[in-house]
Amino acid sequence: MSNFQGYLLKFGDTIFPHKYLAKNPTFTPNQRTEAEAYRDGNNDLHRVTIDNHKSKLEVTIVPDITLEQKIEIENAMYSGLENIVERKYLITFWNDDVHVNDYRTGSFYLSDVSYSYTKIKNGTLYYDEITYTFVEY
């Protein structure tokens, strides 16, 4: 039986509005980090892997959303905001890593976001696709 509860992302207590997703979100859960890695004289790999895995979450928003829709998305994200200067968010996400298949909660920073505009119409801005990339602390 699955623990999936019908959402992929939640900021604080607010579920992300999935209706705005343009592409399939790309989650890279539980990335391994090496404290040290090297190959010896026989070309055998030796790794010292840190047992504190970090995840990366990439979400792309549909093109031609209005400023008001972008604000709706940001309001959902702000529900998990822990530190505005660091762009640090508390996020719960679906973790498909081997033998996990459950939700995991962690603190993530939002990488710099670029915005492109498709038009200005009736006094509002329309945006091209927006990609939000969150990297776990």
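This text goes with the structure placed above it.
None of the values given here were measured: they were computed from a predicted structure.

Trainee: I'm lost on the sheet that holds strand E10 (residues 124-127) in this one. Help?
Mentor: Backbone hydrogen bonds hold the strands of a sheet together, and the pairing may be parallel or antiparallel. The antiparallel open sheet is built from 3 strands, whose spatial order is E5-E10-E9. The open sheet terminates on both sides in strands that have one partner only, identified here as strand E5 (65-66) and strand E9 (117-121). In this sheet, E10 lies alongside E5 in antiparallel orientation, the contact comprising 2 bridges. If you follow Ile65 over to E10, its bridge partner there is Tyr127.

Trainee: For this particular structure, what's the right way to read the pattern of salt bridges?
Mentor: Two side chains that carry opposite charge are able to pair once their charged atoms sit near each other. For the structure on display, the rule yields 6 salt bridges. One salt bridge connects Arg87 with Asp112, and the closest N-O pair in it is separated by 2.8 Å. Taken together, the positions of Arg87 in the loop between strand E6 (81-83) and strand E7 (88-95) and Asp112 in the loop between strand E8 (102-110) and E9 put the pair 25 residues apart, joining distant regions of the chain. Given a relative accessible area of 32%, Arg87 falls into the partly exposed group. Between Glu136 and Arg104 there is a salt bridge, with its nearest N and O atoms 3.0 Å apart. Here Glu136 is found in strand E11 (residues 130-136), whereas its partner Arg104 is found in strand E8, with 32 residues between them in sequence. Given a relative accessible area of 22%, Arg104 falls into the partly exposed group.

Trainee: Please explain helix H1 (residues 67-78) as it appears in this structure.
Mentor: Note that an α-helix has 3.6 residues per turn; residues three or four places apart therefore point the same way. Taking 1.5 Å as the rise per residue, H1 with 12 residues should run 16 Å; its terminal C-alpha atoms sit 16 Å apart, in good agreement. Here H1 has its buried residues at Lys70, Ile73, Glu74, Ala76 and Met77. When H1 is viewed along its axis, its buried side chains cluster within an angular range of 155° and face the same direction.

Cut-offs applied
Residues numbered from 1 in each chain as written. Predicted model: local features only at pLDDT ≥ 70, side-chain atom pairs only at ≥ 80, totals over all residues. Heavy atoms only, no water. Pairing = 2+ DSSP bridges. Helix = DSSP H or I, 4+ residues; strand = E, 2+ residues; numbered from the N terminus. Salt bridge = Lys/Arg side-chain N within 4 Å of Asp/Glu carboxyl O. Buried < 20%, exposed > 50% of the residue type's maximum accessible area, 1.4 Å probe, protein only. Expected span 1.5 Å × (residues − 1). Arc of directions from axis to C-beta.

Everything listed here is a matter of geometry and, on its own, says nothing about what the molecule does.
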